[in-house]
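Here's the letter readout for the chains.
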Amino acid sequence: MYDPELKAIVIIPAFNESRSIERVVRACLSYLPVLVVDDGSKDETAYLAERQGAIVIRQVPNQGKGAALRKGFQYCLENGYDAAITLDADGQHEPSEIPLFLEEYQQHSQGLIIGRRDFSLMPFIRKFANSTGKILISIAAGQEIYDNQSGYRLISMPLAKLLLDSTENGFEFEVEMLALCLKHSLGLGWVPISTIYAGQRSHIRPLHHLIEYFRILRKVKRIIHN
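Below, the structure is looked at part by part. Because the structure is predicted, anything quoted here is derived from the model rather than measured. (Residues numbered from 1 in each chain as written. Predicted model: local features only at pLDDT ≥ 70, side-chain atom pairs only at ≥ 80, totals over all residues. Heavy atoms only, no water.)

1. Section: the environment of I224
Which entries qualify depends on this criterion: A run of DSSP states H or I qualifies as a helix once it reaches four residues; a run of E qualifies as a strand once it reaches two. Both are numbered from the N-terminal end. For every residue, the accessible area obtained with a 1.4 Å probe (protein chains only) is divided by the maximum for its type, and the residue is called buried under 20%, exposed over 50%, and partly exposed between those limits. Only heavy atoms matter for contacts: two residues are in contact if any of them lie within 4.5 Å across the pair.
Structurally, I224 can be placed in helix α8 (residues 206-225). With a relative accessible area of 17%, I224 lands in the buried category. With 46 residues separating them in the primary sequence, I224 and L178 have C-alpha atoms 9.7 Å apart. In this view, I224 contacts A141, A179, L182 and K183; residues no more than four positions away in its chain are not counted.

2. Looking at helix α7 (residues 172-183)
Our working definition: Expected helix span is computed as 1.5 Å times (number of residues minus one).
End to end, α7 covers 16 Å across 12 residues, agreeing with the expected 16 Å (1.5 Å per residue, within 8%). With 11 of 12 residues buried, α7 is to be regarded as a mostly interior element. Looking at α7, one finds that the buried residues are E172, F173, E174, V175, E176, M177, L178, A179, L180, C181 and L182. Positioned one or two residues after α7, S185 has a phi angle of 50°, which is positive.

Put into structure tokens, the structure is as follows:
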């Protein structure tokens, strides 16, 4: 059981997630306060999140997940939090697993704890992309990285502070987060999480993501090894 004195919050970046945001916020509030960063949604995401009891910050116009998370981290740093747990607004993460992150953090005090998914349970294109990414990022980092794209994470405030100057706004932000954690020896931990896919459409654009992935791999090498 984690120490209730730990001041932690859930950060949910959200863009047009009115279909799922209420259910996700409601489930998370059973464990921790919730901050939703509405990233320029055109639907009722912000209103519905607020109605369920979340703190809501509106980011206009849409700037991407990385920018939304940085805004959330800034809020945490200004309000004295020890750690933040990030998860997606679309229901792909199971809020009942929040205590796994808190318990791991209190036992080992890592700067970053990532929820490790089972790639074999993913649709083919996601399985291929994540498995390939795992191999490439492990080579770049010089150690085994089990899952570099999971959005279910616990971030300590020392790491959050380092990330405020990032200019990455897409999936690259979460890769840079990992690299900075290793560079500054803040400690990297893992917890197993459920692998949930309920027919969500893949947003992977093969050529664009391949180009961006090799760019961020070069950046990871510079951050960690220079």
